[in-house]
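An overview of the molecular structure
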Amino acid sequence: KYLTDDYKDSSKSSNGVKISDGLRTTQDKYLTDPVPAGKQEPVEPENAKIDKSKVRHCTLSIRCDTLLKEENYNVAKSNGKASMIPADGVIYSTKKVEFYQGESVFDVLLREVQKYGIHMEYSMTPIYNSNYIEGINNLYEFNGGELSGWMYKVNGWFPNYGCSRYSVQDGDVIEWVYTCDLGRDVGCEWLGE
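This section reports on the structure supplied with the text. (Residues numbered from 1 in each chain as written. Predicted model: local features only at pLDDT ≥ 70, side-chain atom pairs only at ≥ 80, totals over all residues. Heavy atoms only, no water.)

Moving on, we come to the environment of Ala82. Structurally, the position occupied by Ala82 is in the loop between α1 (70–78) and β2 (90–101). Relative accessible area serves as the criterion here: at 14%, Ala82 is assigned to the buried category. On a C-alpha basis, the gap between Ala82 and Gly144 in space is 9.8 Å, while along the polypeptide they are 62 residues apart. Here Ala82 is in contact with Tyr73, Ala76 and Lys77, once residues within four sequence places are set aside. (Helix = DSSP H or I, 4+ residues; strand = E, 2+ residues; numbered from the N terminus. Buried < 20%, exposed > 50% of the residue type's maximum accessible area, 1.4 Å probe, protein only. Contact = heavy atoms within 4.5 Å.)

With that settled, consider the environment of Tyr166. Within the secondary structure, Tyr166 sits in the loop between β6 (149–154) and β7 (173–179). On the basis of relative accessibility, which here comes to 5%, the residue Tyr166 falls in the buried class. Setting aside residues up to four positions removed in sequence, Tyr166 forms contacts with Gln40, Glu103, Ser104, Val105, Tyr152, Val154, Trp157, Pro159, Tyr161 and Asp172.

This part covers the pairing of β7. Most of β7 is tucked away: six of the seven residues are buried. Two strands pair when backbone bridges link them, and strand β1 (residues 51–63) and β7 are joined in this way by five bridges, in the parallel orientation. From the neighbouring strand, Thr59 faces β7, where its bridge partner is Val173. Here β6 pairs with β7 via six bridges, running antiparallel. Within β7, the position partnered with Tyr152 by the bridge is Trp176. (Pairing = 2+ DSSP bridges.)

Written out as structure tokens, the structure reads:
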């Protein structure tokens, strides 16, 4: 929902202009477009309240099966990355994992890849206030073509903000997927527009 003439509350905050139903109508200070109605708003990492006395559970998986398609595989092969692609495209099979209330998608991912010895590189991107996943299992952005890289989705939705800002909820299904076509090949419709 975007800003229209009929908004009632035009008070500005770091989260953008809000209308009477509470939905943000402009980008926030980290350049995040409004979050669709019914989807979780981002939580800034510095504001997260992690409660280690409250253990919760979610499901996590990491896949790169898009790289198994012949044209994508050939690009990865030319980049010297073919040997990094598992035969079934699954780097981390779907598992139920524990997390603490208040942790982010990034926190869950980092703990699990460290636990299982899976290579991962990331960097903090201050303009978006989130960690950016550069590579998992030695597969990086552009290894599968100019529109390739890592994306995450939670409960089937690709959030329009970084993984450090998504506060995991009990029962969430988190999937990390490698895209070779700016999300279109993994079901993300808003990014490839």
